[in-house]
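Chains, contacts and geometry: an overview
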Amino acid sequence: MATLTVPSVLTSPRDDAMQLYKAFKGLGCDKAAVINILAHRDATQRALIQQEYKTMYSEELNKRLAKELSGNLEKAVLLWMYDPAGRDATLVRKALSGDVIEPIVATEVICSRTPSQIQYFKQLYHSMFGVYLEQDIEFQAYDDHKQLLLAYARTMRYEGPEVDRASVEHDAKALYKAGEKKLGTDEKAFIRIFSERSRAHLAAVSAAYHSMYANSLKKAVKSETSGPFEFALLTILQCAENPAKYFAKELHRAMKGVGTDDTTLIRIIVTRTEIDMQCIKAEYHKKHKKSLNDAVHSETSGEYRAFLLSLLGTAH
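Residues numbered from 1 in each chain as written. Predicted model: local features only at pLDDT ≥ 70, side-chain atom pairs only at ≥ 80, totals over all residues. Heavy atoms only, no water.

**Concerning the layout of surface pockets**
Note the cut-off: Grid points spaced at 1 Å over the protein atoms alone were grouped into cavities, where a 1.4 Å probe fits but cannot get out, and pockets, open sets with protein on both sides within 12 Å along at least five of seven lines, with lining residues defined by an atom within 4 Å of a point. Grid points are joined across faces, edges and corners, and a volume is the space filled by probe spheres set on the points. Numbered from the N terminus, helices here are DSSP runs of H or I no shorter than four residues, and strands are runs of E no shorter than two. Gly is put with the polar residues, along with every residue not named as nonpolar or charged; the nonpolar set is Ala, Val, Leu, Ile, Met, Phe, Trp, Tyr, Cys and Pro, and the charged set is Asp, Glu, Lys and Arg.
Its boundaries defined by the atoms lining it, the largest pocket holds a volume of some 460 Å³. Taken together, 19 residues make up the lining of the largest pocket; nearest its centre are Lys-75, Leu-79, Leu-91, Lys-94 and Thr-263. Contributions of two or more residues to the lining of the largest pocket are made by α5 (71-80), α6 (84-97) and α17 (262-272). The element that contributes the greatest number of residues to the lining of the largest pocket is α6, accounting for five residues. A per-class count over the lining of the largest pocket returns nine nonpolar, four polar and six charged. In this structure, the second largest pocket spans a volume of roughly 360 Å³. Along the walls of the second largest pocket sit 14 residues, with Lys-218, Gln-238, Lys-245, Lys-249 and Lys-287 positioned nearest its centre. Of all elements in the fold, only α15 (227-241), α16 (243-255) and α18 (277-288) reach the threshold of two or more residues within the lining of the second largest pocket. Each residue belonging to the lining of the second largest pocket can be placed in one class, and the counts come to three nonpolar, four polar and seven charged.

Encoded structure:
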């Protein structure tokens with residue numbers, strides 16, 4: 001599922017720390033050496049390297065990386081240095097309290113994660129930033145979008161594959177009644193069902209909705225809602241059905257047209273490398289008849305390109 005390649009014979013975190021220190025010495029930084037080490041170490045190994053580096057050189061490795069690297073390479077490497085939950089917490093905090101509030105980024109991270117991933121990054125959020133995730137959502141989101149994010153972040157949903165057919169049909173009817181059937185929309189019904197049901201259940205509701213009403217639930221959401229609320233519902237729905245397909249689509253969107261949305265490119269590649277990047281690559285290839293590696297190769301350059309391609313692993 002992951003695309004991270006770790007060498008079969010591993011050097012010790014101490015050796016890695018020494019090699020990184022060596023790469024920083026002298027005129028200019030040996031970026032190839034930095035990439036070669038860090039892009040091939042998992043979250044546990046990266047944490048150990050950071051500890052060793054601080055012990056040996058009385059300096060935070062991340063601070064040194066920020067000094068030695070720049071631009072998109074710096075952004076990508078620094079984001080990679082976190083473990084997945086710490087990274088999610090950092091991304092959401094920045095999106096909700098940075099110079100520019102980015103509700104879409106916070107929404108993507110929250111609504112595409114499993115309940116256990118959310119619970120873990122919520123705990124880290126509080127220990128890292130001294131505030132609860134819900135407090136930041138209350139402060140920065142509005143109306144139905146806010147209610148949905150709060151409900152989604154608070155609810156422990158079932159993560160297994162079983163579904164109850166009767167309640168699936170019941171929910172499909174409730175959503176039809178709350179949306180397409182009436183004038184206006186009963187947003188509360190959408191919030192309740194989308195925040196309380198498991199992924200397997202929601203995917204089954206989507207299939208039932210389509211067979212009962214000859215229209216897709218996705219289209220119904222698009223016609224009945226708008227803005228960040230619509231984006232949140234669609235993210236939840238698409239990740240219930242096929243998270244890899246969702247991220248493949250977002251990556252394509254980041255690279256199509258003139259210019260590249262590097263922030264999105266970095267965020268998705270870095271956050272999914274250790275989770276489901278093989279599946280995302282397969283979905284991307286299926287849809288666009290072109291490998292994700294080739295797409296990234298043509299949209300990026302230099303060491304930044306080398307780092308992202310190292311995370312993506314061999315081309316498929």
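Resuming the write-up.
**Considerations on the pattern of salt bridges**
Here is the rule: Think of a salt bridge as a Lys or Arg side-chain nitrogen and an Asp or Glu carboxyl oxygen that are within 4 Å of each other. Exposure categories follow from relative accessible area, calculated using a 1.4 Å probe and restricted to protein chains: below 20% of the type maximum is buried, above 50% is exposed, and the middle band is partly exposed.
Under the defined criterion, the tally for this structure stands at 17 salt bridges. For the salt bridge of Arg-41 with Asp-16, the shortest nitrogen-to-oxygen distance reads 2.7 Å. Highlighted residues: Arg-41 in the loop between α2 (31-38) and α3 (43-57) and Asp-16 in helix α1 (residues 13-24), separated in sequence by 25 residues. Asp-16 carries the same exposure label as Arg-41, and that label is buried. The shortest N-O distance in the salt bridge between Arg-93 and Asp-136 comes to 2.7 Å. One end of the pair, Arg-93, is in helix α6; the other, Asp-136, is in helix α9 (residues 133-140), and 43 residues separate them in sequence. Looking at Arg-93, the relative accessible area reads 22%, which means it is partly exposed. For Asp-136, a relative accessible area of 8% puts it in the buried group.

**A closer look at the packing of helix α8 (residues 115-129) against helix α10 (residues 143-154)**
As a reminder of what qualifies: Structural elements are reduced to axes, namely lines fitted to C-alpha atoms, with helices fitted over the stretch in contact, and the angle between N-to-C directions of any two is expressed from 0 to 180 degrees. By the definition adopted for this analysis, an angle is roughly parallel if under 35 degrees, roughly antiparallel if over 145, roughly perpendicular if from 65 to 115, and oblique otherwise. Here, residues are in contact when the closest pair of their heavy atoms is within 4.5 Å.
The geometry of α8 relative to α10 is characterised by a closest axis approach of 9 Å and an angle of 100° between their N-to-C directions. When the axis of α8 is compared with that of α10, the two are roughly perpendicular. Note on element contacts: α10 touches α8 through Tyr-152, Ala-153 and Arg-154, opposite Ile-118, Gln-119 and Lys-122. Grouping the constituent residues of the contact of α8 with α10 by class yields three nonpolar, one polar and two charged.

**A few points about the domain arrangement of the protein chain**
What counts here: For the purposes of this description, domain bounds are those given by an automatic or database domain assignment. Buried area: the accessible surface (1.4 Å probe) lost by two parts on joining, summed over both. Distance and chemistry together define a polar contact, namely a pair of N or O atoms within 3.5 Å, with one atom able to donate a hydrogen and the other to accept it when in protein, and with adjacent residues in sequence counting only for side-chain atoms on both sides.
Per the domain assignment, the segments of the protein chain are domain 1 (11-68), domain 2 (163-239) and domain 3 (242-310). Placing the centre of domain 1 and that of domain 3 at their C-alpha centroids yields a distance of 26 Å. Listed per partner, the contact involves seven residues of domain 1 and five residues of domain 3. Here domain 1 packs against domain 3, burying approximately 500 Å² in sum over the two surfaces, 65% of which is carbon and sulfur. It is Lys-31, Ile-35 and Ala-39 that lose the most area in domain 1 upon contact with domain 3, and together they represent 66% of the buried surface on that side. Our count for the contact surface shared by domain 1 and domain 3 stands at one salt bridge. With its nearest N and O atoms 2.9 Å apart, the salt bridge here joins Arg-46 to Glu-274. Put simply, domain 1 and domain 3 have two residue pairs in polar contact (both at pLDDT 80 or more) between them. At the level of secondary structure, the elements contributing two or more residues to the side of domain 1 that touches domain 3 comprise α2 and α3.

**A few points about α6**
Applied cut-off: A helix is expected to span 1.5 Å multiplied by its residue count minus one.
Here α6 contains 14 residues, and its C-alpha end-to-end distance of 20 Å stays within 8% of the 20 Å for a straight helix at 1.5 Å per residue. Within α6, ten of the 14 residues are buried, which leaves the element mostly enclosed by the surrounding structure. For α6, the complete set of buried residues consists of Ala-85, Gly-86, Arg-87, Asp-88, Ala-89, Thr-90, Leu-91, Val-92, Ala-95 and Leu-96.

**Some remarks on the nonpolar core**
This is how it is decided: Throughout this description, the term nonpolar core refers to a set of buried Ala, Val, Leu, Ile, Met, Phe, Trp, Tyr and Cys residues connected via side-chain atoms within 4.5 Å.
Counting residues in each nonpolar core, the largest one holds 95 residues, and the members touching the most others are Phe-194 and Phe-307. Take this core: its biggest share by element is nine residues, from α15. Setting aside residues up to four positions removed in sequence, Phe-194 forms contacts with Leu-148, Tyr-152, Leu-175, Leu-202, Leu-217, Val-221, Leu-233, Ile-236 and Leu-237.

**Quick word on the packing of α6 against α9**
This is how it is decided: Each crossing is labelled by how the near helix is turned from the far one, with a counterclockwise turn of less than a right angle marking it left-handed and a clockwise turn marking it right-handed.
The contact between α6 and α9 brings their axes to 10 Å, and the two run at 30°. In terms of their interaxial angle, α6 and α9 are classed as roughly parallel. α9 is crossed by α6, and the crossing has left-handed handedness. Contacts from Val-92, Arg-93 and Leu-96 in α6 reach Leu-133, Asp-136, Ile-137 and Gln-140 in α9. Per-class residue counts for the contact of α6 with α9 are four nonpolar, one polar and two charged.

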